[in-house]
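As a plain string of letters, each chain reads:
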Amino acid sequence: MTKTMSRFGYFLVVAVLLGALALAPPAQSGVATPKGQQQQPSSQESVAEPATDEFTETLVGDLTARGFLVSQGYPMLYPIEACKEYTYPLLKSCFGNNPAAPYVIPVMKSWPDEYIDPATVNAFGATDPGYSVTYRLDPREAIVIYGKMPPPGKYMGLQTWEWSQDGRWKSKDYDHYARIPDFFPMEYLFDTIPPNNPKSGRVWTFSALGDIVNNFVMERKSGYPFGERRYFIITSDATMDHAVRSALQARGVDDSCIFTEQIPPRDDLGPIEPLGMGKNAIDFLTFFRYAVPDPNYQDAAQTWRTTPPLTVLRVRGSRGVAQRYQSLTFEPRTANSEADLAGDLQNLVAAVCERASSTYKLQSTDCTQPPASSFMIDPVRDYGWIGPYCRKIDMNCNGDQQDAAYFFSRPLPLDSGEVYAVVDTLATKTGNATYAALAVMDASILNGVAAILDTDLEGSAIGYAASVENTDKFFVYYFTRHCDAIQNLTDGKCTTITEDMVPLQGNTTALGDPALHGMFMVALRDYIALDTERGPDSTKLLTPIILTFTQP
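Nothing here was measured: the structure is a model prediction, and the numbers come from that model.

1. Digging into the overall build of the chain
Scanning the chain from N- to C-terminus turns up 12 helices and 24 strands. For the chain, the spread of C-alpha atoms along the principal axes amounts to about 80 × 55 × 40 Å. For the chain, contacts bridging at least 24 residues in sequence account for 82% of all contacts bridging at least 6. Here the chain carries 45 positive and 64 negative side-chain charges, and the mean point of each set is 6 Å from the other.

As structure tokens, then:
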């Protein structure tokens, strides 16, 4: 088989079922890095090629000899630019994508009997005919993804979401959020497939089905994962998991390097169903995210993203009864309480307001008594927006996950000279994040367009040390249309939001909702509390404040 065929070919074989579905596991091969070792590859090491044809062909041969159907897909990079070209024109949302890193999406070869929703074809980029990013899942099916992990970085993780389901939200649920003033744009929370179709009986849910398999999870089980080969199984059937896992072991893969993402039969609010290939079945979406590469590996990281060395297989059983997993559970989250810094945060806000007023005579009603609209929202803490809740009310969860505390602002206008200051604790300095990112989103399409990492936020509050304590644990960062006009205020900690990032108010030719042109949103993500595998418990964090300044 040629390399091209290995990546793009469609291998579908029906064989006589031979023996039990589970293959006998061999002795462990010792592929994994020993636990506890922090072995990092040399910065000169290049990214490996995708899995050899021999490995994949032998694995596929073993599975088909046991009576399974096997098809092969391929990985695809989903860069930020793809939103405007593909996603928004079809789906009318970019779902608040994280601009700190592009995503790698496994593209599936569709089964002959699988319904493919025409509304989502090529929604994340052009795929080969017969292939799809979203997929339905047979009750006796497993998605298998494996290959060399990216070079060292701050974070990587694989997660599968329920993408859409048959349903129709109730007016009371819609009205509940529509009545909240200056709230999240409603078209991004409740919409149909295809968008704005009142006759459609299908809605987006984009909701989590469990915790992410991230590098911290991998390291606990199999040692330092960056640059190493790892294997992922996505399935609702424990029997399929065992069969695929055994087949990988037979090819010399250590069991500690294999990770299963279990699709549960229900969550605490209801069933997750129906599975299957039919039009009314729920469908799924899987992303692999790799963020903040080590500076010594920038070239290798770009190569990995451009040509991800990953193999994508679908394995489907032809006989037997599915063995479903237990109900969905999320791991508990913890954090270091930041309550003792609350007074310092108030003093810092006062100092920022005083400097803005005295330096440029900027004015803000937020400075006297910050109103509720000045505090950024945490959708989990404040509204319970996690997978089970969103599925229950047929709401779009916009890809919820448990690996970060996630705050966002209401849509904010830009084109009347406004200046915005975001003030909060820096979670990497309070022990509540491995890395943090402050993001800018174009509110008119819900697209992440810029990211400011914790390394850029660090030290941004030091200029207020004369009147504020613990400034090393805070950040102050500005957004406006023209940062160069307020240089003496910002100490260089400012991002100019250009017209390419967010179109001007009144722009009649720009993509997106015209009512939201000239408006942006700010998002703050604090990823992975230290010494844990999940994002910090946001109830123990101080809420970020965004101050709106205007010209006198």
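The rest of the description comes next.
2. Description of the side chain of Arg316
Locating Arg316 in the fold gives a position in strand 15 (residues 310-316). On the basis of relative accessibility, which here comes to 10%, the residue Arg316 falls in the buried class. Of note is the side chain of Arg316, whose polar atom sits 2.9 Å from the side chain of Asp113. A polar contact of 3.2 Å, which involves the side chain of Arg316, links it to the side chain of Asp138. Setting aside chain neighbours within four positions, we find Arg316 in contact with Phe68, Leu69, Trp111, Asp113, Asp138, Arg140, Glu141, Met240 and Met277.

3. Some remarks on the sheet that holds strand 21 (residues 474-480)
Strands belonging to one sheet form pairs held by backbone hydrogen bonds; the direction of such a pair is parallel or antiparallel. The strand order across the open sheet formed by four strands is 22-21-18-24, and the pairing between neighbours is mixed. Edge positions in the sheet fall to strand 22 (494-496) and strand 24 (545-549), since each has one partner strand and no second. Across the sheet, the mean angle separating the axes of adjacent strands is 20 degrees when strand polarity is ignored. Here strand 18 (residues 419-425) runs beside strand 24; their pairing, made up of five bridges, is antiparallel. Bridging across to strand 24, Tyr420 finds its partner in Thr548. Helix-sheet contacts for helix 8 (residues 342-360) involve strand 18, strand 21 and strand 24, and the interaxial angle to strand 24 is about 15 degrees.

4. Points about the sheet that holds strand 11 (residues 258-262)
Pairing is mixed across the open sheet formed by five strands, whose spatial order is 1-15-6-10-11. The sheet is open, and its two edges are formed by strand 1 (69-72) and strand 11, each paired on a single side. For this sheet, the mean angle separating the axes of adjacent strands, direction not counted, is 20 degrees. Bridge count between strand 1 and strand 15: four bridges; the pairing is antiparallel. Residue pairing for strand 15: Ser71 is matched across the bridge by Arg314. Strands in contact with helix 2 (residues 53-65) are strand 1, strand 6 (141-148), strand 10 (229-235) and strand 15; relative to strand 15, the strand with the most contacts, it is inclined by about 5 degrees. Helix 6 (residues 238-250) contacts strand 6, strand 10, strand 11 and strand 15 of the sheet and is inclined by roughly 160 degrees relative to strand 10.

5. Notes on the side chain of Asn447
As for its position among the elements, Asn447 is in strand 20 (residues 447-453). Take Asn447: its relative accessible area is 2%, and that puts it in the buried class. A distance of 3.3 Å separates polar atoms of two side chains, one belonging to Asn447 and the other to Asn97. Sequence-distant contacts of Asn447, that is, excluding residues within four places in its chain, are made with Ile80, Cys83, Cys94, Asn97, Val440, Met441 and Asp442.

6. Some thoughts on unusual backbone geometry
Across residues other than glycine, the phi torsion is negative in most instances, and most of the peptide bonds are trans. Of note, the amide linkage connecting Ile193 to Pro194 takes the cis form, showing an omega dihedral of -5 degrees. Within the secondary structure, Pro194 is located in the loop between helix 4 (171-178) and strand 8 (202-208). The omega torsion across Glu273 and Pro274 is -5 degrees, close enough to zero to call that bond cis. Even without being a glycine, Leu446 presents a positive backbone phi close to 55 degrees.

7. Quick notes on the nonpolar core
With 29 residues, the main nonpolar core has Phe232, Phe284 and Phe288 as its most contacted residues. For this core, the secondary structure elements donating two or more residues are strand 3 (103-109), strand 6, strand 7 (153-166), helix 5 (215-222), strand 10, strand 14 (283-293), helix 7 (298-306) and strand 15. It is strand 14 that contributes the most residues to this core, three residues altogether.

8. Some points on empty space enclosed by the protein
Applying the stated criterion to the full structure yields five cavities of 30 Å³ or more. Volume-wise, the largest cavity comes out at about 570 Å³. Lining the largest cavity are 35 residues, and of these Gly96, Asn398, Gly399, Asp400 and Gln401 sit closest to its centre. Going through the elements one at a time, strand 7, strand 14, helix 9 (379-383), strand 16 (404-408) and strand 23 (519-527) are the ones with two or more residues in the lining of the largest cavity. Its residues assigned to classes, the lining of the largest cavity comprises 22 nonpolar, 10 polar and three charged.

9. Points about the state of the cysteines
Using the criterion set out here, one finds four disulfides in the structure. Residue pairing for Cys83: its cysteine sulfur links by disulfide to Cys94, the two sulfurs lying 1.4 Å apart. Because the sign of the S-S torsion sets the handedness, a value of about 45 degrees for the bond joining Cys83 and Cys94 places this disulfide among the right-handed ones. Note that Cys83 is positioned in helix 3 (residues 82-91) and Cys94 in the loop between helix 3 and strand 3, a separation of 11 residues in sequence.

10. Examining the pattern of salt bridges
It is possible for side chains bearing opposite charge to pair when their charged atoms get close. Counted according to the given criterion, the structure contains 21 salt bridges. Residues Glu533 and Arg220 are paired through a salt bridge, measuring 3.2 Å at the closest nitrogen-oxygen approach. Taken as a pair, Glu533 in the loop between strand 23 and strand 24 and Arg220 in helix 5 lie far apart in primary sequence, 313 residues in all. For Glu533, a relative accessible area of 13% puts it in the buried group. Given the relative accessible area of 54%, Arg220 is considered exposed. For Arg391, the salt bridge goes to Asp267, with nearest N and O atoms at 2.9 Å. On the criterion of sequence distance, the pair formed by Arg391 in helix 10 (residues 387-392) and Asp267 in strand 12 (residues 266-267) is long-range, its members being 124 residues apart. Across this residue pair, the class does not change: Arg391 and Asp267 are buried. Among the charged side chains, a network of salt bridges with common partners joins Arg136, Asp166, Arg202 and Asp283.

11. Comments concerning the environment of Asp283
On the secondary structure map, Asp283 appears in strand 14. The exposure class of Asp283 is buried, given its relative accessible area of 2%. Setting aside residues up to four positions removed in sequence, Asp283 forms contacts with Thr134, Tyr135, Arg136, Trp161, Glu162, Trp163, Ser164 and Arg202. In this structure the side chain of Asp283 is engaged in a polar contact, spanning 2.5 Å, whose partner is the side chain of Ser164.

Analysis parameters
- All residue numbers refer to positions counted from 1 along the written sequence of the respective chain.
- With the structure being a predicted model, the display of local features is reserved for residues of pLDDT at least 70 and the display and counting of side-chain atom pairs for 80 or more, all residues being used for whole-chain, interface and lining totals.
- Here the side-chain values reflect all heavy atoms present in the structure, with hydrogen atoms and water set aside.
- Strands here mean DSSP runs of E at least two residues long; helices mean DSSP runs of H or I at least four residues long; both are numbered from the N terminus.
- Residues are treated as being in contact if the distance between any of their heavy atoms lies within 4.5 Å.
- For the purpose of charge, His is not counted, nor are the chain termini; Lys and Arg are scored as positive and Asp and Glu as negative.
- To locate a charge, the coordinates of NZ of Lys, CZ of Arg, CG of Asp or CD of Glu are taken.
- Buried means the residue's accessible area, taken with a 1.4 Å probe over protein chains only, is under 20% of the maximum for its type, while exposed means over 50%, and partly exposed covers the values in between.
- As used in this structure description, the phrase polar contact means that two N or O atoms lie within 3.5 Å; if the pair is within protein, one of them must be able to donate a hydrogen and the other to accept it, and residues adjacent in sequence are counted only when both atoms belong to side chains.
- In short, DSSP must find at least two bridges between two strands for them to pair.
- Simply put, an axis is a line fit to the C-alpha atoms, just over the touching stretch for a helix, and the angle between two N-to-C directions goes from 0 to 180 degrees.
- Here, nonpolar core refers to any group of buried Ala, Val, Leu, Ile, Met, Phe, Trp, Tyr and Cys residues whose side-chain atoms link them within 4.5 Å.
- Whether a set of points on the 1 Å grid over the protein atoms alone is a cavity depends on a 1.4 Å probe fitting there but being unable to get out, while an open set qualifies as a pocket with protein on both sides within 12 Å along at least five of seven lines; lining residues are those with an atom within 4 Å of a point.
- Grid points are joined across faces, edges and corners, and a volume is the space filled by probe spheres set on the points.
- Ten residue types, Ala, Val, Leu, Ile, Met, Phe, Trp, Tyr, Cys and Pro, are classed as nonpolar, four, Asp, Glu, Lys and Arg, as charged, and the remainder, Gly among them, as polar.
- Put simply, a disulfide is two cysteine sulfurs that come within 2.5 Å.
- Salt bridge, as applied in this entry: a Lys or Arg side-chain nitrogen positioned within 4 Å of an Asp or Glu carboxyl oxygen.

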